[in-house]
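# Examining the three-dimensional arrangement
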Amino acid sequence: VQLQAYGGGVVQAGGSVRLSCAASGIILSLSDMGWYRQAPGKQRELVASVTIGGGTVYADAVKGRFTISRDHAKNTAYLQMDRLKPEDTAVYYCNARITPYMLGTNNYWGPGTQVTVSS
């Protein structure tokens, strides 16, 4: 089982970026999925998460600008980031709680993807 993140890059302030996170492997259950970010010199923080039922949680700093969603059929979560600010610059990490076939439930992390917002 692995998570693969797509998207990211360099964008001007006020612009938009969409991140995708796809889980692959033999998966019995895929529950909460989320995005975290880590800026230089700062701790990793939750950006947004979505439950299997579609419930969402957002960090205060991104409320109203970011939208998390998921496609159950594709085992994929998306993070639509609009009205980006320079302070959104960070490495973004996907996280998912997965029960793989023949293994116990665990949290999995995808590789980070850099988002840089220029002013």
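Residues numbered from 1 in each chain as written. Predicted model: local features only at pLDDT ≥ 70, side-chain atom pairs only at ≥ 80, totals over all residues. Heavy atoms only, no water.

### A look at the environment of Ala 77
- Its location among the elements puts Ala 77 in strand β8 (residues 76-81).
- Sequence separation between Ala 77 and Gln 43 is 34 residues, and the spatial gap between their C-alpha atoms is 23 Å. (Helix = DSSP H or I, 4+ residues; strand = E, 2+ residues; numbered from the N terminus.)

### Concerning the pairing of strand β11 (residues 113-118)
- Of the two faces of β11, only the one carrying Thr 113, Val 115 and Val 117 is buried; Gln 114, Thr 116 and Ser 118 on the other face are not.
- Both strand β2 (residues 9-12) and β11 contribute to a ladder of four bridges, which runs parallel. Counted as the bridge partner of Val 10 is Thr 116 from β11. (Buried < 20%, exposed > 50% of the residue type's maximum accessible area, 1.4 Å probe, protein only. Pairing = 2+ DSSP bridges.)

### Observations regarding the sheet that holds β8
- What the four strands build is an open sheet, ordered β1-β3-β8-β7; its pairing is antiparallel. In the strand order of this sheet, the two ends are held by β1 (2-6) and β7 (66-71), each with one partner. Neighbouring strand axes in the sheet, compared pairwise and without regard to direction, differ in orientation by 15° on average.
- Pairing geometry for β1 and strand β3 (residues 17-24), over five bridges, is antiparallel. Bridge assignment links Gln 2 to a residue of β3, and that residue is Ser 24. (Axes fitted to C-alpha atoms, helices over the stretch in contact; angles between N-to-C directions.)

### A look at the packing of aromatic side chains
- A full pass over the atoms with the stated rule returns one aromatic pair.
- The interplanar angle of 65° and the centroid separation of 5.0 Å between the aromatic rings of Tyr 36 and Trp 109 together place this pair among those described as edge-to-face. In this pair, Tyr 36 sits in strand β4 (residues 27-38) while Trp 109 sits in strand β10 (residues 106-109), placing the two residues 73 residues apart along the sequence.
- Of the residues examined, Tyr 36 reaches a relative accessible area of 24% and is grouped as partly exposed.
- In this arrangement the basic side chain of Arg 18 is found over the ring face of Tyr 78, its NZ or CZ atom lying 4.1 Å from the centre. (Phe/Tyr/Trp six-rings, centres within 6.5 Å; stacked < 30°, edge-to-face > 60°. Lys NZ or Arg CZ within 6 Å of the ring centre and 35° of its normal.)

### Describing the pattern of salt bridges
- A complete count under the given rule lists four salt bridges for this structure.
- Its salt-bridge partner being Glu 45, residue Arg 37 comes within 2.8 Å of it at the nearest N-O pair.
- Between Arg 65 and Asp 88 there is a salt bridge; the shortest N-O distance is 2.7 Å. Taken together, the positions of Arg 65 in the loop between β6 (56-58) and β7 and Asp 88 in the loop between β8 and β9 (90-100) put the pair 23 residues apart, joining distant regions of the chain.
- Taken together, the shared-partner salt bridges connect Arg 37, Glu 45, Arg 65 and Asp 88 into one network. (Salt bridge = Lys/Arg side-chain N within 4 Å of Asp/Glu carboxyl O.)

### Considering unusual backbone geometry
- Despite not being glycine, Asn 75 shows a phi value in the positive range, around 50°.
- The backbone of Arg 83 sits at a positive phi, close to 45°, despite the residue not being glycine.
- Within the secondary structure, Arg 83 sits in the loop between β8 and β9.

### Here's the deal with the environment of Gln 38
- On the secondary structure map, Gln 38 appears in strand β4.
- Residue Gln 38 is classed as partly exposed on the basis of its relative accessible area, which comes to 29%.
- Taking the C-alpha atoms as reference points, Gln 38 and Gly 104, 66 residues apart in sequence, are found 28 Å from one another.
- Among residues more than four places away in sequence, those in contact with Gln 38 are Gln 43, Arg 44, Ala 90, Val 91 and Tyr 93.
- Side-chain polar atoms of Gln 38 contact the backbone oxygen of Lys 42, separated by 3.1 Å. (Contact = heavy atoms within 4.5 Å. Polar contact = N/O pair within 3.5 Å; in protein donor to acceptor, adjacent residues only side chain to side chain.)

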